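Secondary and tertiary structure notes
Next come the chains, spelled out residue by residue.
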Amino acid sequence: EAQVTQNPRYLITVTGKKLTVTCSQNMNHEYMSWYRQDPGLGLRQIYYSMNVEVTDKGDVPEGYKVSRKEKRNFPLILESPSPNQTSLYFCASSLSGTHGETQYFGPGTRLLVL
Amino acid sequence: GQQVMQIPQYQHVQEGEDFTTYCNSSTTLSNIQWYKQRPGGHPVFLIQLVKSGEVKKQKRLTFQFGEAKKNSSLHITATQTTDVGTYFCLGNAGGTSYGKLTFGQGTILTVHP
């Protein structure tokens, strides 16, 4: 089944404790991205990747890191999480990053930073 | 940079009433997409509009793309409880500005039975 998976689905952590949220897709998509969803603010793009080893900032990259060492994986790294990073996070992928492609979303990761 | 404004932020309707959400872009779009997110779920693609003035229908849902390709609307006729969720638009500027994507803020629809 074609899908985007994220792990963990739920995470409670404390301020400053490094964490990684994994994202994997099995559709051989070149384009992958991360979003955070907050009430009243919709989906805001954090980082995106056009292909392996090619990443770039979205609208809200501060406090986040990403890497794209393999085509299928695009982990989101919070080196020193803070409470304002408490949010619902979605990973998404599409075929090549060309405008007009359907974005396929993962199930989401709900993060609480205490 | 490109901005996409979506209104209203919330809409509460009685089952059977109509519902409309609007997206307005600060720049001309090459196309616009609409997504639906059910409560507790993830956004799922609904449709894409490409042509100026384009109108597409999916059962009770009608999607329109403005003549100037800077605005779009999603209209639901006779809402049902299955329509609840958040509706997002995604405006694509085209040209060389691919990669970075900007969604509208979303409209949360509540349908009271």
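Residues numbered from 1 in each chain as written. Chains lettered and ligands numbered in written order. Predicted model: local features only at pLDDT ≥ 70, side-chain atom pairs only at ≥ 80, totals over all residues. Heavy atoms only, no water.

1. Examining the overall build of chain B
- Along the backbone of chain B there are zero helices and eleven strands.
- For chain B, the succession of helices and strands along the chain, N to C, is β-β-β-β-β-β-β-β-β-β-β.
- Over its C-alpha atoms chain B spans a radius of gyration of 14 Å, differing by no more than 12% from the 13 Å that the globule rule assigns to 113 residues.
- Seen through its principal axes, chain B has C-alpha atoms that stretch 45 × 30 × 20 Å.
- Out of the 113 residues belonging to chain B, those deemed buried represent 47%.
- Residue pairs in contact within chain B that sit at least 24 positions apart in sequence constitute 56% of those at least 6 positions apart.
- As displayed, chain B has an accessible area near 5400 Å², and 53% of this comes from carbon and sulfur atoms. (Helix = DSSP H or I, 4+ residues; strand = E, 2+ residues; numbered from the N terminus. Rg over C-alpha atoms; globule rule 2.2 N^0.38 Å. Buried < 20%, exposed > 50% of the residue type's maximum accessible area, 1.4 Å probe, protein only. Contact = heavy atoms within 4.5 Å. Areas by Shrake-Rupley, 256 points an atom, 1.4 Å probe, with all protein chains shown as cover.)

2. What about the interface of chain A and chain B?
- Facing 24 residues of chain A, the contacting portion of chain B comprises 26 residues.
- A combined buried area of about 1900 Å² lies between chain A and chain B, and 55% of that area is made up of carbon and sulfur atoms.
- Applying the counting rule to chain A against chain B returns zero salt bridges.
- Here chain A is connected to chain B by four residue pairs in polar contact (both at pLDDT 80 or more).
- The element contributing the most residues to the side of chain A that touches chain B is strand β5 (residues 42–51) of chain A, with five residues. (Buried area = accessible area lost by both parts, 1.4 Å probe. Salt bridge = Lys/Arg side-chain N within 4 Å of Asp/Glu carboxyl O. Polar contact = N/O pair within 3.5 Å; in protein donor to acceptor, adjacent residues only side chain to side chain.)

3. Overview of the packing of aromatic side chains
- Under the defined criterion, the tally for this structure stands at eleven aromatic pairs over all chains.
- Taken together, a centroid distance of 5.8 Å and an interplanar angle of 65 degrees make the contact between Tyr 64 of chain A and Tyr 89 of chain A edge-to-face. With Tyr 64 of chain A in the loop between β6 (54–57) and β7 (65–66) and Tyr 89 of chain A in strand β9 (residues 87–94), this residue pair connects regions lying 25 residues apart in the sequence.
- For Tyr 64 of chain A, a relative accessible area of 6% corresponds to the buried category.
- Pairing Tyr 35 of chain B with Phe 103 of chain B gives two aromatic rings, centres 5.7 Å apart and planes at 65 degrees, and the pair type is edge-to-face. Highlighted residues: Tyr 35 of chain B in strand β4 (residues 31–37) and Phe 103 of chain B in strand β10 (residues 102–103), separated in sequence by 68 residues.
- Judged by its relative accessible area of 5%, Phe 103 of chain B falls in the buried class. (Phe/Tyr/Trp six-rings, centres within 6.5 Å; stacked < 30°, edge-to-face > 60°.)

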